[in-house]
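Below, each chain spelled out in residue letters.
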Amino acid sequence: MLTSLQTSYSDTRADDLAWALGREPLPALAVLDLRLDGAALQLRLLGASHQVLLEEGGDTLSETVACIPGSSTPLPLGVSKRLGGREYEFAARVEILTECQFAGRAQELLALVAEHPHGLAGTFPGSPYAFTAMLAQRSEGQVRWRTWHAYPQEGQLVATRTRVGVRVPASAGAR
């Protein structure tokens with residue numbers, strides 16, 4: 001799903017993004033509710049940021065990547081955590097692109113997400129390449145999502161990747 005967001009950026013620089021787990025739902029500009037084999041997943045666009053809410057098997061998880069006032073957790077390159085009976089993995093990278101590369105990458109990502117049944121993208125006024133996009137899937141018992149935060153004025157594209165799965169205990173007496 002592709003939507004035009006009638007607001008300006010609330011995050012204007014890639015360096016302003018922060019990461020947090022466990023935050024309450026924040027006001028969203030666009031929302032996509034999904035059911036993925038027993039998991040309830042909500043993709044939420046927050047300005048030039050995102051929030052994902054996951055509920056599965058009685059457990060809930062909230063991931064937020066946004067400009068969070070007072071946050072002391074900048075966007076990490078990678079996080080791996082055990083959350084109850086789940087494994088959570090997060091990775092982020094910043095791509096620095098030329099104007100031409102940025103335009104091509106933006107068109108490619110917006111087309112991919114807009115036509116995907118588990119995709120949500122929002123474009124912002126002022127530039128056809130100012131957007132936030134999210135794409136979710138379930139495979140091999142894991143819920144996964146990817147996000148892209150575009151900053152055309154800086155030529156930067158922030159990409160994140162998250163995986164949440166049931167923790168598999170180490171096998172005792174493995175052969």
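Whatever comes next refers back to the structure up there.
All figures in this text were calculated on a predicted structure; none of them were measured in a lab.

1. Looking at the environment of Leu32
Relative to the assigned elements, Leu32 resides in strand E3 (residues 30-36). Residue classification places Leu32 among the buried positions, given a relative accessible area of 14%. In this structure, the C-alpha to C-alpha distance between Leu32 and Gly119, residues 87 residues apart in sequence, is 8.0 Å. Apart from residues no more than four positions distant in its own chain, Leu32 is found in contact with Leu41, Gln42, Leu43, Pro117, His118, Gly119 and Leu120.

2. Looking at the pattern of salt bridges
Under the criterion given, the structure shown has eight salt bridges. With its nearest N and O atoms 3.8 Å apart, the salt bridge here joins Arg86 to Glu56. Of the two residues, Arg86 is situated in strand E8 (residues 86-96) and Glu56 in strand E5 (residues 49-56); the sequence distance between them amounts to 30 residues. On the accessibility criterion, Glu56 (11% relative accessible area) is buried.

3. A short note on the sheet that holds strand E12 (residues 156-166)
Taking strand neighbours across the sheet as the criterion, the seven strands line up as E1-E9-E10-E11-E12-E8-E7 in an open arrangement whose pairing is mixed. The strands lining the two open edges of the sheet, one partner per strand, are strand E1 (2-4) and strand E7 (78-83). Taken pair by pair, the neighbouring strands of this sheet meet at an average axis angle of 15°, ignoring direction. Across eight bridges, the pairing between strand E10 (residues 131-139) and strand E11 (residues 142-151) is antiparallel. By the bridge assignment, Arg138 is partnered in E11 with Val143. Each of E1, E8, strand E9 (119-123), E10, E11 and E12 touches helix H1 (residues 99-114); the most contacted strand, E10, lies at about 45° to it.

4. Some words on unusual backbone geometry
The residue Asp37 is not glycine, and still its phi comes out positive at about 45°. Relative to the helices and strands, Asp37 is located in the loop between E3 and strand E4 (39-46). Phi is positive for Glu140, close to 50°, though the residue is something other than glycine. Along the chain, Glu140 turns up in the loop between E10 and E11.

5. Quick word on the environment of Gly47
Its place among the elements puts Gly47 in the loop between E4 and E5. The class for Gly47 is buried, based on a relative accessible area of 6%.

6. Some thoughts on the pairing of E5
Successive residues of a regular strand alternate their side chains across the two faces of the sheet. For E5, the buried fraction is high: seven of the eight residues fall into the buried class. As defined by bridge partners, E4 adjoins E5 across seven bridges and the pair is classed as antiparallel. Its bridge partner lying in E5, Leu46 is registered against Ser49. By the bridge criterion, seven bridges tie E5 to strand E6 (residues 59-66) in an arrangement that is antiparallel. What sits directly across from His50, in E6, is Val65. Counting the residues between successive antiparallel strands, the hairpin from E5 to E6 contains two residues, one of them, Gly57, with a positive phi of roughly 55°.

7. Comments concerning the sheet that holds E4
Taken in spatial order, the five strands of this open sheet run E2-E6-E5-E4-E3, and their pairing is antiparallel. This sheet does not close on itself; its edge strands, each paired only once, are strand E2 (18-21) and E3. On average, adjacent strands in this sheet sit at an angle of 10° to one another, irrespective of strand direction. Pairing of E2 with E6, which is carried by four bridges, proceeds in the antiparallel orientation. Bridged to Trp19 within E6 is Val65.

Each value, and the rule that gives it
- Residues numbered from 1 in each chain as written.
- Predicted model: local features only at pLDDT ≥ 70, side-chain atom pairs only at ≥ 80, totals over all residues.
- Heavy atoms only, no water.
- Helix = DSSP H or I, 4+ residues; strand = E, 2+ residues; numbered from the N terminus.
- Buried < 20%, exposed > 50% of the residue type's maximum accessible area, 1.4 Å probe, protein only.
- Contact = heavy atoms within 4.5 Å.
- Salt bridge = Lys/Arg side-chain N within 4 Å of Asp/Glu carboxyl O.
- Pairing = 2+ DSSP bridges.
- Axes fitted to C-alpha atoms, helices over the stretch in contact; angles between N-to-C directions.

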